[in-house]
Amino acid sequence: MASTPAKKSKKEKKRRRKSDEEGEEEAKTLTLDGLKTLAHELLSSLAHVNNLPRLLSFLSPSSPLEFALESLISVQSFFVPLLPEIPAASSSSSSRSKLEEEDPKTVFGLWLKQRFDEFINALIRLAVSPHSSEALRDVALDAIMDFVKLGKGGRFQSAIYHRFLQSIIHAASSVDPLVDLLVSKYFKYTDVRYFTYTSMDKIARNFETTKLSHSGKRDSNNSDIPESSGEEIAIHNMYYVLSHLPSLELDKEANYEMWCEFGISSKKGKERVCSKISSTDGKATNINGDFSSTSHVTKKLKSKFTKAWLSFLKLPLPLDVYKEVLATLHQNVIPSMANPAILSDFLTRSYDIGGVVSVMALSGLFILMTQHGLEYPKFYEKLYALLTPSVFMAKHRAVFFQLLDMCLKSTYISASLAAAFAKKLSRLALSVPPSGELIIIAVIHNLLRRHPSLNFLVHWDGEEANADASVKGDQPNENERVSDAAPLMHNKEQGVDLFNSEATDPVKSKAMRSSLWEIDTLRHHYSPAVSRFVASLENDLTVRAKTTEVAVADFSSGSYATVFRDEIRRRIKQVPLAFYRATPTSLFSESDFPGWTFVDQNADKNESKIQENGALNTVESENRELSKRRRVETC
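Nothing here was measured: the structure is a model prediction, and the numbers come from that model. (Residues numbered from 1 in each chain as written. Predicted model: local features only at pLDDT ≥ 70, side-chain atom pairs only at ≥ 80, totals over all residues. Heavy atoms only, no water.)

Draft legend 1. Structural view of the overall build of the protein chain. A tally of regular secondary structure across the protein chain gives 26 helices and 3 strands. When the 635 residues of the protein chain are sorted by exposure, 42% land in the buried category. A separation threshold of at least 6 residues defines the contact pool for the protein chain, and within that pool the share at least 24 residues apart is 71%. Just so you have it, the protein chain exposes about 35,200 Å², and 52% of that area is on carbon and sulfur atoms. (Helix = DSSP H or I, 4+ residues; strand = E, 2+ residues; numbered from the N terminus. Buried < 20%, exposed > 50% of the residue type's maximum accessible area, 1.4 Å probe, protein only. Contact = heavy atoms within 4.5 Å. Areas by Shrake-Rupley, 256 points an atom, 1.4 Å probe, with all protein chains shown as cover.)

Draft legend 2. Structural view of the pattern of salt bridges. On inspection of all chains with the given rule, the structure shows 14 salt bridges. For Lys382, the salt bridge is made with Asp352, and the minimal N-O distance between the two is 3.9 Å. Note that Lys382 is positioned in helix α17 (residues 379–385) and Asp352 in helix α15 (residues 344–353), a separation of 30 residues in sequence. The structure contains a network of salt bridges with shared partners spanning Lys423, Arg427, Asp497 and Glu518. (Salt bridge = Lys/Arg side-chain N within 4 Å of Asp/Glu carboxyl O.)

Draft legend 3. Main features of the side chain of Asn51. Counting through the fold element by element, Asn51 comes out in helix α3 (residues 51–56). From its side chain, Asn51 meets the backbone oxygen of Leu38 in a polar contact 3.3 Å long. Not counting residues up to four positions away in its chain, the partners in contact with Asn51 are Leu38, Glu41 and Leu42. (Polar contact = N/O pair within 3.5 Å; in protein donor to acceptor, adjacent residues only side chain to side chain.)

Draft legend 4. Spotlight on the packing of aromatic side chains. Per the stated rule, a full pass over the model turns up 27 aromatic pairs. Ring centres 5.7 Å apart and planes at 25° place the aromatic pair Phe58 and Phe67 in the stacked group. Phe58 gets classed as buried once you look at its relative accessible area, which sits at 0%. Pairing Tyr322 with Phe346 gives two aromatic rings, centres 5.7 Å apart and planes at 45°, and the pair type is tilted. With Tyr322 in helix α14 (residues 319–333) and Phe346 in helix α15, this residue pair connects regions lying 24 residues apart in the sequence. (Phe/Tyr/Trp six-rings, centres within 6.5 Å; stacked < 30°, edge-to-face > 60°.)

Draft legend 5. Summary view of the confidence of the model for the protein chain. Summarising the model, the protein chain shows a mean pLDDT of 78, and 73% of its residues fall at 70 or more. Per-element confidence in the protein chain ranges from a low mean pLDDT of 40 for strand β3 (residues 284–285) to a high of 93 for helix α19 (residues 415–428). Within the model, the stretch residues 218–226 combines pLDDT values under 50 with 10 contacts to residues more than four positions away or in other chains. In this model, residues 268–292 is a region of pLDDT below 50 whose contacts with residues beyond four sequence positions or in other chains number 56 contacts. (pLDDT = per-residue confidence, 0-100.)

Draft legend 6. α14, seen in detail. The principal kink in α14, of about 45°, is found at Ala327. Residues Val321, Tyr322, Val325, Leu326, Leu329, His330 and Val333 constitute the buried set of α14. (Bend = angle between axes of the 7 residues up to and from the residue.)

Given below as structure tokens:
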């Protein structure tokens, strides 16, 4: 019994291949006028119903475009008036067992049902196939959606639509053009979006079963596509569909436009709950446009939206899809969910992974914590662990540092926790590019302004700062000796920094026993923007009336290019000169390095030699003058 679906699939593929071959062969012998004659005979009388299989054989991506379009339009025109006579799937299955006992009308209905299913499968194949032309894909999509609209007497034919979406998801090639066509023409209708969410939920929940069945098909057909590649393509297609669905209209006065007459209702005459319904002639009519019905539609849409996304997020997402989901979850998914708190498991798992994934999960997690009451006991420990040099090069660093500043904005966080973040950022300033140092200075500036008790980290005042540090929360924990707090100033005088940069718990990092000496080194930074900006920390930030917070967003997306561009655009009053006012006597001046002298020991020796040589030259010149005088006197 377990092999029955596989056998049916093999038979279906063989029959389809044979039909395509017959269609190609017949297309070589049959002219377009002959095809039109067959279509005209079929539409004129049921006596020519045997022309239907011949027309269906031309519905293939490999058929000539004119033949495929003519066959498609003719067969569609044949089936539309016969839709009420086509039995449902359940009745057809029960009738097959009693086929011999039924009258010819029932037999014809069953045969018609089989041909209709073949037609729908051919339309789906034409729409999904990458070998179909744009015109043929467009006409096939319109035909599918017309049968979705007319198949159940005005109610949405979800069975056909589900088969169509399932073929899109499990397509072996890119279906982006087809999905874009759906977005532009049909996703604007509320009932289409509603049943799209429903089908996405079913497909995602049955993904493992579908994956096993598809892997069996690949093995039986010796396909070259690996199983993991097929999984990733299906998940990519599923995400592409979900991410391109229009956002939900959450306003109470929203006008919902429906594709089918009865909208999202499953029973005729019940729940005409849309305030704007699209009629068959393309004009909109208002029915029951009260707020209660609109809110009912909104509630059902949000419920299906939530189920579809939850089922999708349980799948083994590829890394690129995982990152895209995390990057857009807080904007496109959380606001439209019925209960966003149910995403806490997914976001906390992502936040615990570390690295770039944790950075991208922070946005959604922050919204759940601040707006939906999520409690995360070790949130600040995880946030503290994300402060590494690599985060300053991450693609989403701008959002991360803005959220970091917002997470540290509360005045209720302890002074030791705020000091740990300030000190960790200060230490990172020694190893990040200038754009990162500007971000660090901005965040530390805001921390010092929000927490005046941290001012001693910048202006250390001897024993008073030591006492403040012990009072303000950096007491020795149970794992430390009490005597460790005593030699604080002694160690500081010896140049020992007690800050533990390897600590995972920020409270135990001993940041209150340290100082922001790393920030002081930035005063002599080679980048003028950094050296100028760090001077803002020299002001008294405890006076909140005279200072303002720095907008981290102004620096969070910077880079080497932006720092250089801003610097060359800046107007300066004193232009650096290209010459010296006085000839330099040495490369460095003594003021550059206090306590050091730059005297050449060989200079004195050379000077003495020069003096000796000068004296010898003077004696020789005097002797020459004296000899000249003697010669003149003798003469």
